[in-house]
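Residues per chain are reported as follows:
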Amino acid sequence: MASISHSSIAFCGASAASDYLRSSTNGVTGVSLRTLGRTMVTSTRSSNNLYVTARLKKGKKFDHPWPSNPDPNVKGGVLSYLSTFKPLGNTQKPVTLDFERPLVELEKKILDVRKMAAETGLDFTDQIITLESKYRQALKDLYTHLTPIQRVNIARHPNRPTFLDHIHNITDKFMELHGDRAGYDDPAIVTGIGTIDGQRYMFIGHQKGRNTKENIMRNFGMPTPHGYRKALRMMYYADHHGFPIVTFIDTPGAYADLQSEEKGQGEAIANNLRTMFGLKVPIISIVIGEGGSGGALAIGCANTMLMLENAVFYVASPEACAAILWNSSKAAPEAAEKLRITSKELVKLNVADGIIPEPLGGAHADPSWTSQQIKIAINENMNEFGKMSGEELVKHRMAKYRKIGVFIENEPVEPEKKVNMKRRDAVVSTSRLEGEVEKLREQILKAKETSSEDQPSSEVLNEMIKKLKSEIDDEYTEAARAMGLEERLAAMRGEFSKASAEEHLVHPILIEKIENLKEEFNTRLSEAPNYESLRSKLDMLRDFSRAKAASEAASVKNEINRRFQEAVDRSEIREKVEAIKAEVASSGASSFEELSDELKEKVLKTKGEVEAEMAGVLKSMGLELEAVKPNVVEESFVPSEGIQEKVEKLNQEISEKIEEVVRTPEIKSMVELLKVETAKASESPGDAKVSSQKIETLEQQIKQKIADALSMSGLQEKQEELEKELAVARELAAEKSKEDDDDDDDEDGSDSEKPEIINPSFA
């Protein structure tokens, strides 16, 4: 807007006033009406003079997003300058959730120690490393045992990356498209075309704000009918041009105000649902935060639906559900658990098709890494759907939603249970799982009987073991609920997690409480109504674990034999072995002892080279050869009855002492901690190195404690004395045996033992 030096201007003379307002001509400085823009122009006439007054409103100069010198190589192309989504000027403030407060305390300790080290100049490296290790472990423990309501809070985290954050991280180029072609453009839904690794996609997603100002502008990610109609227009556009569609879901629900209802909110959502089932291009939906009700479904009818690890997808929010069922939003944690809205639960229910991992701490802890996981998931699914025709995609999409939900028919239920039967008392059918188990068992038995290698693969066995473990976990949870121990177990788990995060070992009182609860659970387990089902599944798990171990052992054995054969078939090894065979055959010797010293040396040297080659093969497979025992039968040494009694008595004393030491609170807590670390290591193979170090340290500490206790009890001296006595008895027995052998040789006059025949194919 043109700037004028005065707030008002006056023109005298009726004939020239209009000319002055139209332009600046004839050497007179005037202001055109177009330049005035939205000014207020008033005119007054007094006798022969006309006065025109214009009041200009000071405004902000328009800040066009296009720079004066645009960089043509900018990511996304020069058109990306038109995007209103710019990096935040200030870094987002860290937000700590309620359940994350113990982590904040550990962080504060680490900062205090570092500050002290900087101020005093002392070396606190060991303390800092210990605290950081505890922080990482506490973070891992916390985020691997999240409750449903905690996942809801993470999905709503203010700093969680939004749709456009992910888009700019995963796309090579992205151009946002606006408008529903009916006069509206809803900022709560963003659409646009982008490329990933050269493949063009239509991206549609809910957009939340990164701060209060953006949230107000984006209506907190709650779309109006105009947003869904804009998404529908882009879906038609993608279907026409053959672009795959990727939708990102992150909304508490559609905007439910009066104006949205008047403009057809329900019709817009229903129209999207109907249209998406008929599109002949691949559709991938990804829940990156919370997916609420029809507002999420309106862009979520896809060939596959993926969820970030801490995302949630629900018909009604936990707070709304709690207000309806319990008349209080304080029951939201219980409602979140009953609704089964987490990614893990929804995959079990076949609502979601896969889980995209998040870093420890949530997606906001490392947005770039999370975006790359989303990119990998998109590429993997497009490899599958890209091969399907349009008709196949439509059928696949319809079949996906047709199979959601399980209906059990013709299952006998006792009449007294039918009246007011609660869901947890309903009969759960395991026929499908039993059918899969029986089929797999038949395959294993058939392979054993025919001695064929057509056994189930490790992948199939792993999948079955994974299913059984999940079923067993559910059975244990159901049993705890039936026995009324669920709340006590949850409270005990919380106490133990908190104690594990502390610097000291678990308190003996807590260990005793855990032992008592475990004993009570095991004692009452047989009373649970699902005990028989649980025991059956445990038996299945044991059988398949054994089958898996046997399959892996057979696989390793076959691989070792194959590599051994390859090593032996190498030309240089084969030539050496054949040359030695020829020399042995030409010497006419029938035993190794009859060979000349030179030939013996050659044989041993060649044998050593072959064994070294074999050891190299084992090492390349990650195996180690500890020792090779010669096939020699040694005469067993049998000590006298007196020595045997002493040995048995000492062993009994040592066992009793070890049991006494293990029962002490200190060793007991260390053993329990060792069990926990071992379980964590099996659940999280990614951190195997750190876990193995902790396990090894704990084992050494326990062994050292037991050894110290034994040495102080005087049992070590007794063992040393008994070992000396055994050594003397063994020497006497060996001398006597040698004398007997010499007498036998003198009587026979010749060596009556069978000669040792050299096996020429020892390689």
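Residues numbered from 1 in each chain as written. Predicted model: local features only at pLDDT ≥ 70, side-chain atom pairs only at ≥ 80, totals over all residues. Heavy atoms only, no water.

Attention now moves to the overall build of the chain. The helix and strand inventory of the chain stands at 28 helices and 10 strands. Here the chain holds 763 residues, and 34% of them are scored as buried. For the chain, restricting intrachain contacts to residue pairs at least 6 apart in sequence, the fraction spanning at least 24 positions comes to 71%. Entry remark: accessible area of the chain is about 48100 Å², with carbon and sulfur atoms responsible for 52%. (Helix = DSSP H or I, 4+ residues; strand = E, 2+ residues; numbered from the N terminus. Buried < 20%, exposed > 50% of the residue type's maximum accessible area, 1.4 Å probe, protein only. Contact = heavy atoms within 4.5 Å. Areas by Shrake-Rupley, 256 points an atom, 1.4 Å probe, with all protein chains shown as cover.)

Applying the stated rule across the entire model yields 30 salt bridges. A salt bridge links Arg481 to Glu486; its shortest N-O distance comes to 3.3 Å. Between Arg535 and Glu532 there is a salt bridge, with its nearest N and O atoms 3.0 Å apart. Of this pair, Arg535 and Glu532 are both found in helix H22 (residues 531-568), 3 residues apart, which corresponds to roughly one turn of the helix. Three or more residues joined by partner-sharing salt bridges are found here, namely Arg156, Lys208, Asp250, Glu290 and Glu319. (Salt bridge = Lys/Arg side-chain N within 4 Å of Asp/Glu carboxyl O.)

Time to look at the pairing of strand E4 (residues 189-196). Counting buried positions along E4 yields 8 of 8 residues, so the element is predominantly enclosed. Strand direction decides the pairing type here: strand E3 (residues 173-177) and E4, joined by 5 bridges, are antiparallel. Of the residues in E4, the one forming a bridge with Glu176 is Gly192. Bridge count for E4 against strand E5 (residues 199-206) is 8 bridges, and the pairing is antiparallel. The partner of Thr195 across the bridge, within E5, is Arg200. (Pairing = 2+ DSSP bridges.)

Residues Glu717, Glu720, Glu721 and Glu723 make up a contiguous surface patch of negative charge. Residue classification places Glu720 among the partly exposed positions, given a relative accessible area of 41%. (Patch = residues over 30% accessible without salt bridge, like charges linked within 9 Å, V, L, I, M, F, W, Y side chains within 5 Å. Lys, Arg positive; Asp, Glu negative; His and termini not counted. Charge placed at Lys NZ, Arg CZ, Asp CG, Glu CD.)

The subject of this paragraph is the side chain of Glu475. With respect to the helices and strands, Glu475 occurs in helix H19 (residues 458-483). Polar side-chain contacts of Glu475 include one of 2.6 Å to the side chain of Asn530. Of the polar contacts made by the side chain of Glu475, one reaches the side chain of Lys537; its length is 2.8 Å. Setting aside anything within four residues of it in sequence, one finds Glu475 in contact with Asn530, Ser533, Leu534 and Lys537. (Polar contact = N/O pair within 3.5 Å; in protein donor to acceptor, adjacent residues only side chain to side chain.)

The subject of this paragraph is the nonpolar core. Grouped together as the largest cluster of nonpolar side chains are 53 residues, with contacts concentrated most on Phe203, Ile204, Ile245, Phe248, Ile286, Phe313 and Ile378. Leave out the neighbours within four places in its chain, and Phe313 touches Ile249, Val287, Gly291, Ala296, Leu297, Met305, Met307, Ile341, Leu346 and Val351. In this structure, Leu461, Ile465, Ala479 and Leu517 belong to the second largest nonpolar core, which totals 26 residues. (Core = buried A, V, L, I, M, F, W, Y, C linked by side-chain atoms within 4.5 Å.)

A few words on a nonpolar patch on the surface. On the surface, a nonpolar cluster with roughly 340 Å² of combined accessible area is contributed by Ile324, Leu325 and Trp326. Summarising the element assignment, Ile324 is placed in helix H12 (residues 318-325). Classification of Ile324 as exposed rests on a relative accessible area of 64%.

Our focus in this paragraph is the environment of Ala547. Position of Ala547 relative to the elements: it lies in helix H22. Overall, the relative accessible area of 16% leaves Ala547 in the buried class. Sequence separation of Ala547 and Arg441 is 106 residues, and the distance between their C-alpha atoms is 9.4 Å.

Let us now look at helix H4 (residues 125-143). Counting along an α-helix, one turn takes 3.6 residues, and residues three or four places apart therefore face a common direction. For H4, with 19 residues, the first-to-last C-alpha span of 27 Å sits near the 27 Å given by 1.5 Å per residue. Among all positions of H4, only Ile128, Leu131, Lys134, Tyr135, Gln137, Ala138, Leu139, Lys140, Asp141, Leu142 and Tyr143 are buried. (Expected span 1.5 Å × (residues − 1).)

Let us look at the confidence of the model for the chain. Put simply, the chain has an average pLDDT of 78, and 76% of its residues get 70 or more. Counting contacts from residues 417-429, a segment whose pLDDT is below 50, to residues more than four positions away or on other chains yields 12 contacts. Every residue in residues 747-763 scores below 50 in pLDDT, and together they form 17 contacts with partners more than four places removed in sequence or on other chains. (pLDDT = per-residue confidence, 0-100.)

A few words now on the packing of aromatic side chains. Enumeration according to the criterion identifies 8 aromatic pairs in this entry. Taking the centre distance of 6.1 Å and the plane angle of 40° together, the rings of Tyr476 and Phe521 count as tilted. Pair noted here: Tyr476 is in helix H19 and Phe521 is in helix H21 (residues 508-524), with a separation of 45 residues, a long-range link. Judged by its relative accessible area of 30%, Tyr476 is partly exposed. Residue classification places Phe521 among the buried positions, given a relative accessible area of 11%. These aromatic residues form a ring-pair network of at least three members: Phe163, Phe174, Tyr201, Phe203 and Phe248. (Phe/Tyr/Trp six-rings, centres within 6.5 Å; stacked < 30°, edge-to-face > 60°.)

Now for the side chain of Asn159. Structurally, Asn159 is set in the loop between helix H5 (148-155) and helix H6 (163-170). Reaching out from Asn159, the side chain makes a polar contact with the backbone oxygen of Lys93 at a distance of 2.9 Å.

Across the interface, H6 lies against helix H15 (residues 367-385) with an axial gap of 9 Å and an inter-helix angle of 70°. Of the possible angle classes, the one that applies to H6 and H15 is roughly perpendicular. Residues Asp165, His166, Asn169 and Ile170 of H6 form the contact with H15, whose own contacting residues are Pro367, Ser368, Thr370, Ser371, Gln372, Ile374, Lys375 and Ile378. Looking at the contact of H6 with H15, its residues break down into 4 nonpolar, 6 polar and 2 charged. (Axes fitted to C-alpha atoms, helices over the stretch in contact; angles between N-to-C directions. Parallel < 35°, antiparallel > 145°, perpendicular 65-115°, else oblique. Nonpolar A, V, L, I, M, F, W, Y, C, P; charged D, E, K, R; others polar.)

Here we come to H6. For H6, the tally of buried residues reaches 6 of 8 residues, placing the bulk of the element in the interior. Residues Phe163, Leu164, Asp165, His166, Ile167 and Ile170 constitute the buried set of H6. On its buried side, H6 packs onto E3, E4, E5, strand E6 (245-251), strand E7 (283-292) and H15.

Another aspect to go through is the environment of Leu297. Tracing the sequence through the fold places Leu297 in helix H11 (residues 293-297). Here Leu297 falls in the partly exposed class, since its relative accessible area comes to 33%. Separated by 18 residues in the primary sequence, Leu297 and Val315 have C-alpha atoms spaced 9.7 Å apart. Not counting chain neighbours up to four residues away, the residues in contact with Leu297 comprise Leu273 and Phe313.

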